[in-house]
Amino acid sequence: MTRLERVFAILDHKGIGLEIGPSHSPFAPKKKGYHVHIVDHASKQDLIRKYQGHQVNLDNIEDVDFIWSGQKLSDLVGKKKHYDWIIASHVIEHTTDLVTFLQECSALLKDTGVLSLVIPDKRYCFDYFRWPSSTGDVLQAYLEERTIHSPGVVADHFLNAVKSGGEIAWSKFTQGKKEFVHSP
């Protein structure tokens, strides 16, 4: 089963969807006929500027319907119980408050809606040396109603981010030693 097939395995791809943070690699591009709204942290033009020179296909960047700056998704989108599906690829590991993020997705989905999460395998990305979040970490962020990362989370990222073979994401076939991205 391909990655795309796994993402859509239990989704009604003919329904209306929301893709959160597709950046330069959407799973449900509008140009392929998906009825989808796009949420991202920047406009299409800003994403194009961000990724210029990074060897990605800039033509894949979608028109962004909603620019997310940390507010509740239901407030940003202005709808509840509207979507048949939500796709969030490589998003939850960046959320400041996982519980609220999941609650917000639930509020946006119809009762029969499905949330499809694509979560990176930390064995093959810059989080290789980072310790996984604990249930306590998730609960603490929820109780604090975090909208920005704590200083400890930021420090963990900068002190532990690595690359392998010069890349911040790699496969099991990548050759090269792991090196820290940032100096202490």
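Read on for an overview of the structure.

The rules behind the values
Residues numbered from 1 in each chain as written. Predicted model: local features only at pLDDT ≥ 70, side-chain atom pairs only at ≥ 80, totals over all residues. Heavy atoms only, no water. Phe/Tyr/Trp six-rings, centres within 6.5 Å; stacked < 30°, edge-to-face > 60°. Buried < 20%, exposed > 50% of the residue type's maximum accessible area, 1.4 Å probe, protein only. Lys NZ or Arg CZ within 6 Å of the ring centre and 35° of its normal. Helix = DSSP H or I, 4+ residues; strand = E, 2+ residues; numbered from the N terminus. Contact = heavy atoms within 4.5 Å. Salt bridge = Lys/Arg side-chain N within 4 Å of Asp/Glu carboxyl O. 1 Å grid on protein atoms, 1.4 Å probe; cavity = no way out; pocket = protein on both sides within 12 Å on 5 of 7 lines; lining within 4 Å. Points joined across faces, edges and corners; volume = space filled by probe spheres on them. Nonpolar A, V, L, I, M, F, W, Y, C, P; charged D, E, K, R; others polar. Pairing = 2+ DSSP bridges. Right-handed = clockwise from strand over helix to strand, strands pointing away. Patch = residues over 30% accessible without salt bridge, like charges linked within 9 Å, V, L, I, M, F, W, Y side chains within 5 Å. Areas by Shrake-Rupley, 256 points an atom, 1.4 Å probe, with all protein chains shown as cover. Axes fitted to C-alpha atoms, helices over the stretch in contact; angles between N-to-C directions.

### Looking at the packing of aromatic side chains
Going through the model one piece at a time under the given rule, you end up with seven aromatic pairs. For the pair Tyr-128 and Phe-129, a centre-to-centre distance of 5.0 Å together with 85 degrees between the ring planes defines the contact as edge-to-face. You can call Tyr-128 partly exposed: its relative accessible area is 32%. Among the aromatic residues, those joined into a ring-pair cluster are Tyr-128, Phe-129, Trp-170 and Phe-180. Sitting over the face of the ring of Tyr-128, Lys-178 holds its NZ or CZ atom 4.7 Å from the ring centroid.

### Topic: the environment of Leu-11
Structurally, Leu-11 is set in the loop between helix H1 (3-7) and strand E1 (17-20). For Leu-11 and Asp-156, which are 145 residues apart along the polypeptide, the C-alpha to C-alpha distance reads 35 Å. Not counting residues up to four positions away in its chain, the partners in contact with Leu-11 are Trp-85, Ile-87, Val-114 and Ser-116.

### Considerations on the pattern of salt bridges
Within the structure shown, the criterion is met by eight salt bridges. Linking Arg-130 and Asp-127 is a salt bridge whose minimum nitrogen-to-oxygen distance equals 3.7 Å. Across the pair Arg-146 and Glu-144 runs a salt bridge whose closest N-O atoms are separated by 2.9 Å. According to the relative accessible area criterion, Arg-146 is buried, its value standing at 18%.

### Quick notes on the layout of surface pockets
Looking at the second largest pocket, its volume works out to about 180 Å³. Arg-3, Leu-4, Ser-25, Pro-26, Phe-27, Pro-29, Lys-31, Lys-32, Tyr-34 and Asn-60 together form the lining of the second largest pocket. A class-by-class count of the residues in the lining of the second largest pocket yields five nonpolar, two polar and three charged.

### Remarks on the pairing of strand E4 (residues 83-89)
Here E4 lies mainly inside the structure; seven of its seven residues are buried. In this structure, E1 lies alongside E4, joined through four bridges in parallel fashion. In the sheet register, Glu-19 faces E4, and the bridge partner there is Ile-87. Where E4 lies against strand E5 (residues 109-118), six bridges are found, and the strand directions are parallel. The residue of E5 that forms the bridge with Tyr-83 is Leu-109. On the question of chirality, the crossover connecting E4 to the parallel E5 by way of helix H4 (residues 98-108) is right-handed.

### Section: a nonpolar patch on the surface
A surface patch of nonpolar side chains, about 240 Å² in accessible area, is lined by Leu-102, Leu-117 and Ile-119. Turning to its location among the elements, Leu-102 is positioned in helix H4. Exposure remark for Leu-102: the relative accessible area of 35% places this residue in the partly exposed category.

### Remarks on the sheet that holds E4
The five strands lie next to each other as E3-E2-E1-E4-E5, forming an open sheet whose pairing is parallel. The open sheet has two edge strands, strand E3 (66-67) and E5, and neither has a second partner. As paired strands, E1 and strand E2 (residues 36-40) are joined by four bridges and run parallel to one another. Residue pairing in the sheet places Ile-20 in a bridge with Val-39 of E2. Packing against the sheet, H4 makes contact with E1, E4 and E5, and its axis sits at approximately 140 degrees to E5.

### Some remarks on the environment of Glu-5
The topology assignment puts Glu-5 in helix H1. For Glu-5, a relative accessible area of 44% translates into the label partly exposed.

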